[in-house]
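Spelled out from the first residue to the last, the chains are:
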Amino acid sequence: MKRMDNKVPKLPVLIIYAIIFYGLWTLWEFFGKACISNSIENEYIAQFIKSGVIKNLVWTLPAVLLINYFKNDVYIGLKEMFSNKVSILKYLPIFLIFTAYLLVGAILQKGKISISETFSFSSVIIVIFVGITEEMVFRGWLLNATVSEKKKWFPIIINSIMFLLIHFPIWIHEGHFVENFQSFGFLSVIILSIIFSWTFIKSKNIWIPIFLHMYWDLLMFIFY
């Protein structure tokens with residue numbers, strides 16, 4: 001059994017973290033992004049600052065610090081989640097399912113498979129950092145801090161709801177909130193979160209959900 005020797009209780013920290021995290025990111029989506037875009041003319045530099053610098057400071061860094069602080073009270077330790085040996089071939093079927101689903105969807109939507117006109121190097125920057133930052137927060141920290149050998153599915157479901165909620169600010173700001181519910185697009189976010197969570201728990205390696213997340217987003221940027 002893991003030792004519970006942290007001076008600060010984990011539950012209050014999780015609650016305070018969630019309030020601050022969602023609050024800050026809502027402000028960022030509504031006001032912060034536009035400030036960076038308006039201040040920096042170069043699209044790639046602006047995107048690197050938004051996705052690489054700001055998002056890592058708000059998402060990855062606090063998550064890493066909290067995982068390390070509660071190292072005796074998380075499912076998988078910080079070092080272990082990056083170093084546990086796992087065969088990526090075991091998860092190849094998921095990559096293939098992602099490929100088939102999105103290619104078929106692209107054909108049904110556009111009548112053919114073609115690269116999106118909006119796909120650019122800026123999209124690649126987003127893909128790389130979104131996979132790392134979002135998985136470190138939602139799987140590496142939030143799921144990791146709540147899941148246990150005896151209690152897996154309830155934390156996974158809660159995690160998927162929290163993952164859905166973080167999409168609300170950008171959906172509202174860009175005017176897609178109602179559309180994503182009317183089209184049931186929100187279900188894909190929940191399902192993806194469950195897949196990422198399950199692969200993290202199964203592999204005990206954060207790289208698996210990171211690579212899956214990156215791959216899904218990359219295909220979305222390329223074909224949609």
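In this text the structure is predicted, and so the values were computed from the model without any measurement. (Residues numbered from 1 in each chain as written. Predicted model: local features only at pLDDT ≥ 70, side-chain atom pairs only at ≥ 80, totals over all residues. Heavy atoms only, no water.)

(A) Geometry of the overall build of the chain. In terms of regular secondary structure, the chain is built from ten helices and zero strands. Seen through its C-alpha atoms, the chain measures out along the principal axes to roughly 55 × 40 × 35 Å. Relative to its 224 residues, the chain shows a buried fraction of 44%. As presented, the chain carries roughly 12,500 Å² of accessible surface, and 71% of it is formed by carbon and sulfur atoms. (Helix = DSSP H or I, 4+ residues; strand = E, 2+ residues; numbered from the N terminus. Buried < 20%, exposed > 50% of the residue type's maximum accessible area, 1.4 Å probe, protein only. Areas by Shrake-Rupley, 256 points an atom, 1.4 Å probe, with all protein chains shown as cover.)

(B) Structural detail: a nonpolar patch on the surface. There is a patch of nonpolar side chains on the surface, built from Phe82, Ile88, Leu89, Leu92, Leu96, Trp207 and Phe211 and spanning about 640 Å² of accessible area. For the nonpolar patch, the secondary-structure elements that each account for two or more residues are helix H4 (92-110) and helix H10 (207-223). (Patch = residues over 30% accessible without salt bridge, like charges linked within 9 Å, V, L, I, M, F, W, Y side chains within 5 Å. Salt bridge = Lys/Arg side-chain N within 4 Å of Asp/Glu carboxyl O.)

(C) Summary view of the pattern of salt bridges. Taken as a whole and judged by the stated rule, the model has six salt bridges. Note that Asp73 and Lys10 form a salt bridge whose closest N and O atoms lie 3.3 Å from each other. Placement of Asp73 in the loop between helix H2 (43-69) and helix H3 (78-83) and of Lys10 in helix H1 (residues 10-39) is noted, with a sequence separation of 63 residues between them. Of the two residues, Asp73 and Lys10, neither departs from the other in class, the shared state being buried. Here Glu149 and Lys152 are joined by a salt bridge, their closest N and O atoms 3.1 Å apart. Owing to a relative accessible area of 24%, Lys152 belongs among the partly exposed residues under this scheme.

(D) A look at unusual backbone geometry. Residue Phe184 is not a glycine yet carries a positive backbone phi of 60°. For Phe184, the position within the fold is in the loop between helix H8 (177-182) and helix H9 (186-203).

(E) Region of the structure containing the packing of H4 against H10. Axis separation between H4 and H10 bottoms out at 10 Å; the angle between their running directions is 15°. By the angle between their axes, H4 is roughly parallel relative to H10. The crossing of H4 and H10 is right-handed. Contacts from Ile94, Phe95, Phe98, Thr99, Tyr101, Leu102, Leu103, Ala106 and Lys110 of H4 reach H10 at Phe211, Leu212, Tyr215, Trp216, Leu219, Met220 and Phe223. A breakdown of the residues in the contact of H4 with H10 according to their chemical character gives 14 nonpolar, one polar and one charged. (Axes fitted to C-alpha atoms, helices over the stretch in contact; angles between N-to-C directions. Parallel < 35°, antiparallel > 145°, perpendicular 65-115°, else oblique. Left-handed = near helix turned anticlockwise from the far one by under 90°. Contact = heavy atoms within 4.5 Å. Nonpolar A, V, L, I, M, F, W, Y, C, P; charged D, E, K, R; others polar.)

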